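Geometric and topological summary
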Amino acid sequence: MKKVFLYLLILMGLLPFFLIRPVNQVTQAAPPGVPLKSPKTQPKPFDQPAEAVAFFYQKRMPANGGPSYFQRFREALAASLRQPTFSSRLDRALPGSQTRDENDPSWQSLGPGNIGGRTRALVINPTNPDHMVAGGVAGGTWLSLNAGGRWTPTGDQLANLAVCSLAMDPHNPNVILAGTGEGFFNSDSVRGAGIFKSTDGGLNWTHLGATDNADFYYVNDLVYSARENGVAYAATRTGVFRTLDGGATWEGIFSTHTDGGCLDLAIRTDLAADVLFVSVGNRTTATVYRNQDAGGSGTFQAVYSEPDMGRTSIAVAPSNQSVIYLLAANLTGAGADRFQDGLLAVFRSTDGGDSFTARHRAEAPIEGADLLLSNPLAACEGLFLSQGWYDNVVAVDPVDENILWVGGIDTFRSDDGGITWGMASHWALSRDQPNYVHADQHGFFFHPDYNGSDNQTLFITNDGGIFRTDNARAEVAVVDESAACQALGTFEVVFQNLNHQYGVTQFYHGMPYPDGTRYLGGTQDNGTLRGDDAGGANAWAQVFGGDGGYVAMHPDDPDTLYVETTGISIHKSIDGGMSFVRATSGIEDVGMFINPVLMDPNNPERLWTSGRALWRTDNAAVSWQQASTQLDESRGRVSALAAAAGNSDWVIAGTEDGFIRRTTAATIADETTVWQEGQPRAAYVSSVAFDPSNTLLVYATYATFGGPHVFMSRDAGQTWTPIDNNLPDMPVHVIAVHPSDSNRLYLGTDLGVFVSTDQGASWFREHTGYANVVTEWLTFAANDCGLMLFAFTHGRGVWRLLLEGVTLSPLRLDLSANGTAGSFNLTTFANCTWTLSTEADWITLNADLSGRGSTRVDFTVADLAAGEPSRVGVVTLSNAIETKIFTVSQQGCFQSDAFFAALPVWHTNATVLDLVALSGCAVFAKPPVD
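What counts as what
- Residues numbered from 1 in each chain as written.
- Predicted model: local features only at pLDDT ≥ 70, side-chain atom pairs only at ≥ 80, totals over all residues.
- Heavy atoms only, no water.
- Helix = DSSP H or I, 4+ residues; strand = E, 2+ residues; numbered from the N terminus.
- Buried < 20%, exposed > 50% of the residue type's maximum accessible area, 1.4 Å probe, protein only.
- Contact = heavy atoms within 4.5 Å.
- Areas by Shrake-Rupley, 256 points an atom, 1.4 Å probe, with all protein chains shown as cover.
- Patch = residues over 30% accessible without salt bridge, like charges linked within 9 Å, V, L, I, M, F, W, Y side chains within 5 Å.
- Salt bridge = Lys/Arg side-chain N within 4 Å of Asp/Glu carboxyl O.
- Lys, Arg positive; Asp, Glu negative; His and termini not counted.
- Charge placed at Lys NZ, Arg CZ, Asp CG, Glu CD.
- Pairing = 2+ DSSP bridges.
- Axes fitted to C-alpha atoms, helices over the stretch in contact; angles between N-to-C directions.
- Phe/Tyr/Trp six-rings, centres within 6.5 Å; stacked < 30°, edge-to-face > 60°.
- Core = buried A, V, L, I, M, F, W, Y, C linked by side-chain atoms within 4.5 Å.
- Disulfide = S-S within 2.5 Å.
- pLDDT = per-residue confidence, 0-100.
- Expected span 1.5 Å × (residues − 1).
- Arc of directions from axis to C-beta.
- Polar contact = N/O pair within 3.5 Å; in protein donor to acceptor, adjacent residues only side chain to side chain.

Thoughts on the overall build of the chain
Regarding its fold elements, the chain presents 8 helices and 68 strands. Counting every position in the chain, which comprises 930 residues, the buried fraction comes to 61%. Contacts in the chain between residues at least 24 apart in sequence constitute 55% of all its contacts with a sequence separation of at least 6. Of the roughly 32,600 Å² of accessible surface on the chain, 50% is carried by carbon and sulfur atoms.

Focus on a negative patch on the surface
Together, Asp556, Asp557, Asp559 and Asp575 make up a negatively charged patch on the protein surface. By secondary structure assignment, the location of aspartate 556 is in the loop between strand E37 (551-553) and strand E38 (561-563).

What about the sheet that holds strand E28 (residues 441-446)?
Strand pairs in the sheet, formed through backbone hydrogen bonds, run parallel or antiparallel to each other. Within the open sheet, the 4 strands sit side by side as E28-E29-E30-E32. Their pairing is antiparallel. Among the strands making up the open sheet, the edge pair consists of E28 and strand E32 (495-497). Strand after strand, the sheet turns through a mean of 25° between neighbouring axes, direction not considered. Sheet topology places E28 next to strand E29 (residues 458-462); 5 bridges connect them, and they run antiparallel. Opposite phenylalanine 445, over in E29, you have phenylalanine 459 as the bridge partner.

Digging into the packing of aromatic side chains
Tallied over the entire structure, the rule returns 31 aromatic pairs. For the ring pair tryptophan 405 and phenylalanine 444, a centre distance of 5.9 Å and an interplane angle of 45° mean the geometry is tilted. Separated by 39 residues along the polypeptide, tryptophan 405 in strand E25 (residues 404-407) and phenylalanine 444 in strand E28 bring together distant segments of the chain. Across this residue pair, the class does not change: tryptophan 405 and phenylalanine 444 are buried.

Describing unusual backbone geometry
Residues alanine 364 and proline 365 are joined by a peptide bond in cis, for which omega reads -5°. As for its position among the elements, proline 365 is in the loop between strand E23 (357-361) and helix H5 (376-379). Its identity is not glycine, yet glutamine 501 carries a phi of approximately 60°, on the positive side. Along the chain, the position of glutamine 501 falls in the loop between E32 and strand E33 (507-512).

Some words on the sheet that holds strand E14 (residues 239-243)
A sheet is described by the order of its strands in space; here 4 strands give the open sequence E12-E13-E14-E15, paired in antiparallel fashion. Two strands in the sheet have a free side with no partner beyond their single neighbour: strand E12 (219-224) and strand E15 (251-255). Neighbour-to-neighbour, the strand axes of this sheet turn through a mean angle of 20°, independent of strand direction. When E12 meets strand E13 (residues 232-236), the two strands line up antiparallel, connected through 5 bridges. Note on E13: the bridge partner recorded for leucine 222 is alanine 234.

Points about the nonpolar core
Nonpolar side chains in soluble globular proteins generally cluster together in the buried interior. Counting residues in each nonpolar core, the largest one holds 58 residues, and the members touching the most others are Trp107, Tyr562, Tyr746, Leu778 and Phe790. Considering each element in turn, this core owes the most residues, 6 residues, to strand E58 (residues 786-793). Sequence-distant contacts of phenylalanine 790, defined by excluding residues within four places in its chain, comprise Leu110, Pro512, Gly516, Tyr519, Trp777, Leu778, Thr779, Ala781, Val798, Trp799 and Arg800. Grouped together as the second largest cluster of nonpolar side chains are 43 residues, Phe73, Ala121, Ile176 and Trp389 included.

Describing the state of the cysteines
Under the definition given, this model contains 2 disulfides. One disulfide bridge connects cysteine 785 with cysteine 832, the sulfur atoms lying 2.0 Å from each other. Because the torsion about its S-S bond is 95°, the bridge between cysteine 785 and cysteine 832 counts as right-handed. With cysteine 785 in the loop between strand E57 (775-783) and E58 and cysteine 832 in the loop between strand E62 (820-827) and strand E63 (833-837), this residue pair connects regions lying 47 residues apart in the sequence. Its relative accessible area of 3% is what places cysteine 785 among the buried residues.

Focus on the confidence of the model for the chain
When pLDDT is averaged across the chain, the result is 88; 88% of the residues are at 70 or more. For residues 1-35, every residue scores under 50 in pLDDT, and the model assigns this stretch 63 contacts once sequence neighbours within four places are set aside. Per-residue pLDDT stays below 50 along residues 922-930; that stretch engages in 18 contacts with residues further than four places along the chain or on separate chains.

Things to note about the pairing of strand E17 (residues 275-280)
Here E17 lies mainly inside the structure; 6 of its 6 residues are buried. On E17, burial covers both faces: Val275, Phe277 and Ser279 on one face and Leu276, Val278 and Val280 on the other are all buried. Between strand E16 (residues 262-268) and E17, which pair antiparallel one after the other, the connecting turn spans 6 residues. As defined by bridge partners, E17 adjoins strand E18 (residues 287-291) across 5 bridges and the pair is classed as antiparallel. In the strand pairing of E18, phenylalanine 277 is matched with arginine 290. In this antiparallel pair of consecutive strands, E17 and E18, the connection spans 6 residues, and glycine 281 shows a positive phi of 110°.

Thoughts on the pairing of strand E35 (residues 527-532)
One ladder, built from 6 bridges, connects strand E34 (residues 518-523) with E35; its direction is antiparallel. Bridging across to E35, glycine 522 finds its partner in threonine 528. Where E34 folds back on E35, the antiparallel hairpin that results is connected by 3 residues, among which aspartate 525 adopts a positive phi of roughly 75°. Where E35 meets strand E36 (residues 541-544), 3 bridges bridge the pair, whose relative direction is antiparallel.

As for helix H4 (residues 69-81)
Look at H4: 18 Å from first C-alpha to last across 13 residues, which is about the 18 Å you get at 1.5 Å a residue. Residues of H4 that are buried include every one of Tyr69, Phe70, Arg72, Phe73, Ala76, Leu77 and Ser80, and no others. Buried residues in H4, looked at end-on, bunch into an arc of 155°, giving them a common side.

Things to note about the pattern of salt bridges
Pairs can form between side chains of opposite charge once their charged atoms are near each other. Taken as a whole and judged by the stated rule, the model has 26 salt bridges. A salt bridge links aspartate 415 to arginine 413, with the shortest nitrogen-to-oxygen separation between them at 2.8 Å. For the salt bridge of aspartate 600 with arginine 606, the shortest nitrogen-to-oxygen distance reads 3.1 Å. Like aspartate 600, the residue arginine 606 is buried in the burial classification. Three or more residues joined by partner-sharing salt bridges are found here, namely Arg118, Arg120, Glu182 and Asp525.

Concerning the side chain of glutamate 306
Locating glutamate 306 in the fold gives a position in the loop between strand E19 (300-305) and strand E20 (309-316). Of the polar contacts made by the side chain of glutamate 306, one reaches the side chain of arginine 361; its length is 2.9 Å. Non-local contacts of glutamate 306, meaning those with residues more than four positions away in its chain, are made with Thr285, Ala286, Leu344, Phe347 and Arg361.

Comments concerning the environment of leucine 161
Residue position: leucine 161 is located in the loop between strand E7 (152-154) and strand E8 (163-168). Each C-alpha atom of the pair leucine 161 and glycine 179 lies 9.7 Å from the other, and the pair is 18 residues apart in sequence. Residues within four places of leucine 161 in sequence aside, it is in contact with Phe70, Gly136, Val137, Ala138, Gly140, Thr180, Ala193 and Phe196.

This is the structure in structure tokens:
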């Protein structure tokens with residue numbers, strides 16, 4: 001009964017308020033410098049990775065099954081690449097396969113670059129440790145050439161796939177394998193597309209055709225042989241596969257039908273043959289197998305298992321490879337009440353895997369090091385929230401076989417071979433604290449030159465991206481009540497965030513502030529985040545924790561914010577996000593995992609949300625009332641909401657089963673109001689929208705494969721017509737109607753942004769600098785200087801496209817060496833203020849350096865003396881939302897000595913003068929002679 005009650009609390013979003021209190025209601029505050037997070041910012045325990053995956057597939061996959069997500073995605077990608085690209089800023093299609101114009105400002109990535117997202121894989125070049133490649137579960141592969149100082153996305157075809165494993169060839173570090181598919185869940189998980197290969201250090205990727213089958217939907221781990229060139233191994237959900245030719249062909253060397261399949265590989269590098277260990281099983285009894293000649297004719301033999309052994313990770317000690325460690329989760333909780341998915345034990349073998357003994361076994365009463373795979377802060381309330389099935393990793397210090405690291409929700413270290421443990425980091429510290437590491441650990445990676453003394457660098461990957469410590473041997477805190485509940489103790493290992501331009505954050509929803517220079521959105525794993533132009537991509541901050549969901553904002557008072565986590569969990573702030581209170585009074589319903597919230601565009605005091613009924617507040621969420629009858633099971637819960645601009649009585653709602661409900665009396669609706677409905681398609685309704693200038697014109701989008709994805713109604717939802725036309729069969733998540741052009745429609749899809757200029761009769765890709773990334777939400781913002789389209793993506797952060805702004809004409813002038821005058825026209829909105837500047841001391845601006853509205857900009861340029869080279873200068877225009885460049889080039893003069901030496905001996909004064917005039921030079925250093 002306690003477990004049922006706990007689950008209900010999680011669904012209602014109440015757990016963070018219970019879990020922040022220390023044991024026995026201790027109220028002692030954390031000391032200065034190490035404050036634990038407040039309830040509003042805690043990312044644990046109420047982020048829900050399994051539910052997030054189920055939600056992903058619920059939206060996309062038809063109930064009747066059929067081809068896999070990747071098969072459908074690949075077909076959609078191929079179809080989309082055949083479509084032309086449209087530049088909204090230039091208002092024209094681009095020729096051929098061109099994806100951007102040199103004069104097109106294109107999409108701008110806004111970040112966050114400092115928050116990160118779930119990262120399971122990292123490789124470091126042993127000959128050049130500054131060269132690193134990371135794999136995001138969303139967002140694809142990322143390359144750094146300065147040890148994580150800055151990251152650049154690579155492999156755009158991977159942006160939509162879960163990259164969960166990477167392996168760098170020890171014989172050639174430019175050769176890297178990337179395995180896709182996240183197979184650690186007990187649901188259908190995020191299927192991948194097999195294995196990709198790079199031969200240029202991670203810059204470009206090629207799909208390995210031999211892995212284009214069901215055996216490689218989930219490539220959970222990859223390792224290379226240290227002995228044989230071109231030999232590598234892959235652990236997948238169906239077995240272990242081997243390539244002997246660098247990935248061109250693969251053969252199965254171990255097969256399994258165990259739930260979860262093969263999850264972890266570890267290989268010995270000190271013997272003549274490849275000794276390979278594999279862990280098999282998740283959410284079922286796990287077994288560790290060993291093959292003592294994996295590159296040859298060896299077979300896999302079981303070396304360890306226990307009845308309650310759940311997911312198990314493996315690590316070989318590099319300094320003594322006869323020492324092998326296992327980190328095992330507790331499958332059932334047996335022996336430790338309520339401890340399912342917590343720690344079973346840490347095991348060690350000192351004979352190469354022939355035998356294992358438990359170094360630390362979790363037993364009741366649960367305390368201290370028993371929490372390696374659990375949430376330590378939750379345990380302070382006597383609640384054991386464990387995720388050993390999800391975050392479970394062990395690694396051994398490269399130069400000391402007795403020092404090992406474990407990652408569960410937090411990071412821990414043992415210095416005596418796993419008997420006793422210390423806590424190295426705490427997820428509940430504020431992000432600016434030196435001992436903070438984001439929750440949910442997935443990988444430990446030691447620097448290639450690690451020696452335990454002057455190089456103690458360790459990299460960690462987790463649900464918050466990538467972290468680094470340079471003092472991995474520093475003292476750790478004893479795992480006791482003080483450490484778990486108050487972050488007190490010897491937390492001396494210092495960590496730093498390496499999420500520098502690492503834009504893999506997964507947004508579900510978002511919106512800009514009214515002026516378009518700040519933006520707010522809800523994310524998976526990382527809460528509700530806010531960024532702004534002033535701080536830039538690397539200055540985003542969390543304003544609320546958990547799995548972030550929908551957000552809403554008062555248009556005239558942006559300090560009034562509404563945010564959600566999962567389910568119906570609305571919280572309100574009236575101080576710009578400094579504090580929040582729960583704002584669901586009166587609602588008794590169960591919503592979607594990510595549940596819609598809508599602010600009435602005509603009245604910011606009125607908001608809508610939903611479950612199996614529609615709910616309305618008319619007093620800014622002080623209280624809510626039911627505004628429709630309940631939907632029965634066959635119609636599902638409400639998944640999308642829209643209200644008409646100019647008429648608050650017109651509201652439409654889409655459901656998870658494809659129904660679209662509508663009313664023209666929304667402001668007076670109550671629990672007895674029956675909304676009219678229709679079902680254009682039996683699939684997941686991802687968004688609904690009214691045309692801003694025509695209440696009768698309504699749109700709906702569907703995210704489910706296998707049918708039309710975009711519908712239009714010209715009678716306010718009574719009848720519907722599909723308008724996909726040349727649109728590929730792909731999940732569509734949102735439609736946004738241009739605020740002043742009813743013909744122009746924008747779609748956010750699993751393959752980026754698409755646009756129609758004729759109300760859906762034809763569609764283009766709007767990928768001018770954009771990625772093939774899941775785009776969950778699109779919305780507009782306008783200020784005095786332009787109209788902007790914002791895109792909130794699930795894997796590449798937030799993007800902005802300036803649709804209308806400043807125009808400079810021409811963009812460039814080429815002038816002769818003689819000083820002369822020039823001008824260009826600056827065209828913008830009447831109230832747009834701007835500034836002009838130039839760093840070229842030879843360009844003089846004869847216009848005001850600041851102004852408002854359109855004008856002509858006059859300038860002069862100085863003479864170029866004989867012998868001076870050509871030069872280029874720029875005039876920079878800046879306003880609140882963009883920077884534009886006007887370019888001036890001036891042709892250089894001939895070098896006099898070389899010029900005259902090259903002239904024919906018969907030249908005359910007239911010839912020279914003609915050449916002087918042609919060159920445009922004002923003066924020659926040497927007069928011509930006959």
